[in-house]
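Observations on chain architecture
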Amino acid sequence: MSAIIKLDNLTLGYDGHPAVHHVSGTFEQGSMTAVVGPNGSGKSTLLKAIAGVIKPLDGSIIRGSDWRQGMAYLPQSAEIDRSFPADVTDLVALGLWKQRGLFGGISRADAERLEAALQAVGLAGFERRGIDTLSGGQLQRALFARVLLQDAKVILLDEPFTAIDERTVSDLIGLVRRWHGEGRTVIAVLHDAEMVRQVFPQTLLLARELIDWGPTEAVMTRENLRRSRGMTEAWDEHAPWHEDGHNHGHEAAQ
Amino acid sequence: MSFYQLLIEPFAQYGFMGRALAGAMILTLSAGPVGVFLTLRRMSLTGDAMAHAILPGAAAGFLISGLAILPMTLGGFAAGLIVALLAGLVARFSIQREDSSLAAFYLISLALGVMLVSLRGSNVDLMHVLFGTVLALNNDALIMIGAIVSISLVGLALIWRALVAECLDPSFLRSVSRAGHPVHLVFLGLVVLNLVGGFQALGTLLAVGLMMLPAAAARFWVRGLEAMCGLAIGIGAVSSYFGLLISYHLSVASGPAIILVAGLIYAASLIFGRRGVVFSRLHSRRHRIA
């Protein structure tokens with residue numbers, strides 16, 4: 001197995017305050033990793049940085065060659081305008097963007113893939129439903145169908161199961177497992193420790209600092225979880241800058 | 001008075017009426033769809049701000065060569081683009097949102113424009129620029145409007161998919177493509193272009209009316225995007241026709257008459273439209289069993 005994403009002494013944050021602090025490690029190609037940690041521990045920030053939405057304050061993210069074959073990123077609160085006059089097909093078909101670009105049409109094969117994707121997420125028959133009439137769970141199913149169509153090697157999911165009922169969750173977990181079986185790299189931010197233990201082989205436990213990263217059973221120990229909870233969410237406006245005498249390895253990065 | 005005299009004769013007998021009708025109807029072909037996207041992007045007031053912003057450019061053209069079509073159009077287009085770009089840049093590189101910076105720039109622009117016009121012209125000239133002279137459209141102006149509408153329709157067709165994606169799910173578009181920002185700018189360019197096209201007929205201030213009112217009214221009747229664009233064009237055309245008729249028979253100002261008819265249609269749609277106030281109240285209790 002080779003590395004598809006390497007974090008090198010990565011620090012992320014806003015206004016100079018770190019949300020993710022000096023994290024290093026490797027996501028193997030085809031691995032399936034849960035990113036867990038308390039609220040404010042930097043999980044979403046880490047995912048955004050991997051997706052390329054925000055830039056590192058310090059350190060770097062090195063992406064493997066497989067990366068070019070596509071990344072699908074499902075953010076925590078998608079900025080979808082539910083009042084826009086679009087139906088489920090319009091929304092899901094966005095997943096074909098890479099193939100279609102600005103002008104390409106939907107080929108018959110694409111239409112079949114779209115149909116299959118809707119079938120796979122349990123939304124067959126919803127093609128012409130307006131997106132303003134979908135429930136939260138149905139919308140999430142549609143977004144998973146879009147990820148399916150993106151056919152990406154790397155799939156980033158940010159709290160994909162929040163406020164979703166059990167049946168939808170178990171359907172969508174099935175999809176995530178299928179992606180893993182197909183050799184795709186899956187990284188998901190999750191809150192449900194039970195689900196992490198059952199479904200995800202790898203876990204990255206984050207509490208601004210990296211607490212532990214490795215096989216799930218080795219990471220999700222009582223001791224580690226206790227340590228992660230000890231993290232403070234405090235955002236000290238007057239915290240000294242690292243350069244002012246705090247030696248955390250910045251020199252190495254420079 | 002026969003139907004012919006009432007409804008058709010004014011346009012058949014007087015060249016200026018025919019040209020006014022042609023100009024307004026051609027204009028609505030692209031102004032309608034552009035207006036639909038403006039309303040869907042919650043940028044209705046942006047259209048208004050841009051309409052003010054084109055004034056100093058048009059005024060500069062007016063200063064150089066009087067009430068001539070081409071210099072005023074080019075000047076207006078340039079001024080509109082500059083304000084749109086500046087507002088976009090400020091939003092990108094500062095904490096201020098685009099709407100506040102746009103408001104700041106268009107106010108500066110408007111004051112500058114009025115001052116420029118007052119340097120040379122009379123109040124009558126200022127009224128021309130602000131409220132247009134649809135009855136004074138000559139063939140040059142019609143050709144200009146035709147060119148602007150053609151460019152707009154081609155432009156809109158080219159960016160259509162990206163624009164829809166940008167409205168529907170901007171963060172997704174960012175994750176798969178870099179098209180989002182350029183598409184936004186091209187769209188703003190089209191808005192400015194259509195306002196400039198409209199201002200000879202309706203003036204800088206009312207041009208936006210033929211863009212926004214039909215689009216806003218269409219939303220009360222239909223669901224789909226294409227249907228909305230089509231209906232907006234239809235409402236714009238109907239407003240132009242009846243507005244000009246009213247202005248002819250009652251001897252009132254033509255530009256405002258067109259916009260007022262569009263306003264009436266908007267008000268009627270708001271109340272009686274399929275998705276308007278009355279209908280959604282009346283039928284809110286009706287439902288299927290599953």
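Residues numbered from 1 in each chain as written. Chains lettered and ligands numbered in written order. Predicted model: local features only at pLDDT ≥ 70, side-chain atom pairs only at ≥ 80, totals over all residues. Heavy atoms only, no water.

In the nomenclature of an unreviewed UniProt entry, chain B corresponds to Zinc ABC transporter permease AztB from the organism Devosia rhodophyticola. Word for word, the UniProt comment on chain B under Sequence similarities (unreviewed entry) is "Belongs to the ABC-3 integral membrane protein family." (UniProt positions renumbered as here; feature names shortened; annotations may be inferred.)

Under an unreviewed UniProt entry, chain A has the name Zinc ABC transporter ATP-binding protein AztA and belongs to Devosia rhodophyticola. Heading Sequence similarities (unreviewed entry) of the UniProt record for chain A holds this comment: "Belongs to the ABC transporter superfamily."

Here we look at the interface of chain B and chain A
Size of an interface, as often reported, equals the accessible area lost when the parts are brought together. Each partner contributes to the interface: chain B provides 23 residues, whereas chain A provides 26 residues. Buried area between chain B and chain A, both sides added, is near 2200 Å², and the carbon and sulfur share of it is 58%. Taken together, the links from chain B to chain A amount to 3 salt bridges. A salt bridge links Arg146 of chain A to Asp169 of chain B; its shortest N-O distance comes to 2.9 Å. One can count 7 residue pairs in polar contact (both at pLDDT 80 or more) joining chain B with chain A. (Contact = heavy atoms within 4.5 Å. Buried area = accessible area lost by both parts, 1.4 Å probe. Salt bridge = Lys/Arg side-chain N within 4 Å of Asp/Glu carboxyl O. Polar contact = N/O pair within 3.5 Å; in protein donor to acceptor, adjacent residues only side chain to side chain.)

Details of the packing of aromatic side chains
Within this structure, the stated rule accounts for 10 aromatic pairs over all chains. Where Phe144 of chain A meets Phe161 of chain A, the ring centres are 6.2 Å apart and the plane angle is 25°; that geometry is what we call stacked. Taken together, the positions of Phe144 of chain A in helix α5 (residues 136-150) and Phe161 of chain A in the loop between β6 (154-158) and α6 (166-181) put the pair 17 residues apart, joining distant regions of the chain. Accessibility assignment for this pair places Phe144 of chain A and Phe161 of chain A in one class, buried. Where Phe220 of chain B meets Tyr266 of chain B, the ring centres are 6.0 Å apart and the plane angle is 55°; that geometry is what we call tilted. Placement of the pair is Phe220 of chain B in the loop between α10 (180-218) and α11 (225-250) and Tyr266 of chain B in helix α12 (residues 254-272), with a sequence separation of 46 residues. Given the relative accessible area of 27%, Tyr266 of chain B is considered partly exposed. Put simply, the rings of Phe144, Phe161 and Trp179 of chain A pair up and form one aromatic cluster. Above the ring of Phe172 of chain B, the side-chain terminus of Arg146 of chain A is found at 3.8 Å from the ring centroid. (Phe/Tyr/Trp six-rings, centres within 6.5 Å; stacked < 30°, edge-to-face > 60°. Helix = DSSP H or I, 4+ residues; strand = E, 2+ residues; numbered from the N terminus. Buried < 20%, exposed > 50% of the residue type's maximum accessible area, 1.4 Å probe, protein only. Lys NZ or Arg CZ within 6 Å of the ring centre and 35° of its normal.)

Observations concerning the environment of Ile211 of chain A
Residues and elements named next belong to chain A. Tracing the backbone through its elements, the reader meets Ile211 in strand β9 (residues 209-215). A C-alpha to C-alpha distance of 6.6 Å links Ile211 and Ser228, two positions 17 residues apart in sequence. For Ile211, the residues in contact, after removing those within four places along its chain, are Leu205, Leu206, Asn224, Arg227 and Ser228.

Notes on α12 of chain B
Residue and element names in this part refer to chain B. End to end, α12 covers 27 Å across 19 residues, agreeing with the expected 27 Å (1.5 Å per residue, within 8%). All of the buried residues along α12 are Ser254, Gly255, Ala257, Ile258, Ile259, Val261, Ala262 and Ser269. On its buried side, α12 packs onto α2 (15-40), α10 and α11. (Expected span 1.5 Å × (residues − 1).)

Side note on the environment of Phe272 of chain B
Mapped onto the fold, Phe272 of chain B is located in helix α12. Spatially, the C-alpha atoms of Phe272 of chain B and Cys167 of chain B are 28 Å apart, while their sequence positions differ by 105 residues.

Some thoughts on α10 of chain B
Residues and elements named next belong to chain B. With 39 residues, α10 extends only 26 Å from end C-alpha to end C-alpha; this falls clearly short of the ideal 57 Å at 1.5 Å per step. The axis of α10 is deflected most strongly, by about 120°, at Ala201. α10 sits mainly inside the fold: 32 of its 39 residues count as buried. (Bend = angle between axes of the 7 residues up to and from the residue.)

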